[in-house]
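Notes for the structure review
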Amino acid sequence: RKKMTDIMTQEASKVQLRELVKKLIPESVGKEIEKQCQGIFPIKDCLIRKVKILKKPKFDITKLMELHGDGGDDAGVEMLRPENEEAQNTLSADIAAANADDE
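Residues numbered from 1 in each chain as written. Predicted model: local features only at pLDDT ≥ 70, side-chain atom pairs only at ≥ 80, totals over all residues. Heavy atoms only, no water.

With that settled, consider the overall build of the protein chain. When helices and strands are counted, the protein chain shows 5 helices and 0 strands. Secondary structure of the protein chain in N-to-C order comes out as α-α-α-α-α. Taking all 103 residues of the protein chain together, the buried fraction comes to 9%. For the protein chain, the proportion of contacts with a sequence separation of at least 24, taken over those separated by at least 6, is 47%. Surface exposure of the protein chain reaches about 10000 Å², of which carbon and sulfur atoms provide 54%. (Helix = DSSP H or I, 4+ residues; strand = E, 2+ residues; numbered from the N terminus. Buried < 20%, exposed > 50% of the residue type's maximum accessible area, 1.4 Å probe, protein only. Contact = heavy atoms within 4.5 Å. Areas by Shrake-Rupley, 256 points an atom, 1.4 Å probe, with all protein chains shown as cover.)

Okay, here's the thing in structure tokens:
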């Protein structure tokens with residue numbers, strides 16, 4: 001068990017959380033445990049069933065900004081067609097009806 005926990009800790013500490021999830025899904029860590037523990041005890045069908053995060057990962061704001069860029073130049077575009085009557089919410093429909101009654 002000690003060897004298994006050492007392998008899992010080593011694999012988890014090498015990569016980011018997202019890459020770790022990608023490693024856990026195809027069970028590559030389980031296969032690595034089977035290979036390294038074969039000399040100690042013949043392990044068959046080694047699967048990782050549950051993962052617990054013991055320490056919160058560091059949040060790097062600069063790396064996040066690099067991934068998302070400025071984001072300032074994307075202001076959106078105007079709708080080319082008018083809004084459907086059924087799509088208007090009730091408040092804007094009431095205001096429009098009140099304005100039509102005033103005129």
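Anyway, onward from the coordinates.
Counting 6 residues, the largest nonpolar core consists of Ile 7, Val 29, Ile 33, Cys 37, Ile 43 and Cys 46. If near-sequence neighbours (up to four positions away) are discounted, Ile 43 is found in contact with Met 4, Glu 34, Cys 37 and Gln 38. (Core = buried A, V, L, I, M, F, W, Y, C linked by side-chain atoms within 4.5 Å.)

Another aspect to go through is a nonpolar patch on the surface. On the surface, a nonpolar cluster with roughly 390 Å² of combined accessible area is contributed by Leu 17, Val 21, Ile 25 and Ile 53. Note on placement: Ile 25 falls in the loop between helix H2 (17-24) and helix H3 (28-36). Judged by its relative accessible area of 64%, Ile 25 is exposed. (Patch = residues over 30% accessible without salt bridge, like charges linked within 9 Å, V, L, I, M, F, W, Y side chains within 5 Å. Salt bridge = Lys/Arg side-chain N within 4 Å of Asp/Glu carboxyl O.)

It is worth spelling out the pattern of salt bridges at this point. Summed over all chains, the structure comprises 4 salt bridges. In this structure, Lys 23 engages Glu 11 in a salt bridge whose closest nitrogen and oxygen atoms are separated by 2.4 Å. Of the two residues, Lys 23 sits in helix H2 while Glu 11 sits in helix H1 (residues 2-14), which places them 12 residues apart along the sequence. With relative accessibility at 22%, the residue Lys 23 sits in the partly exposed group.

Turning our eyes to something else, we now look at the packing of H1 against H3. When two helices pack together, their arrangement is given by the angle between the helix axes and the distance between those axes. Where H1 contacts H3, the two axes come as close as 10 Å, and the packing angle between them is 135 degrees. Judged by the angle between their axes, H1 and H3 are oblique. Where H1 crosses over H3, the two elements pack in a sense that is right-handed. Within the contact between the two elements, H1 uses Lys 3, Met 4, Ile 7, Met 8 and Glu 11 and H3 uses Val 29, Glu 32, Ile 33 and Gln 36. Within the contact of H1 with H3, the residues separate by chemical class into 5 nonpolar, 1 polar and 3 charged. (Axes fitted to C-alpha atoms, helices over the stretch in contact; angles between N-to-C directions. Parallel < 35°, antiparallel > 145°, perpendicular 65-115°, else oblique. Left-handed = near helix turned anticlockwise from the far one by under 90°. Nonpolar A, V, L, I, M, F, W, Y, C, P; charged D, E, K, R; others polar.)

Geometric values such as these leave the question of function open.
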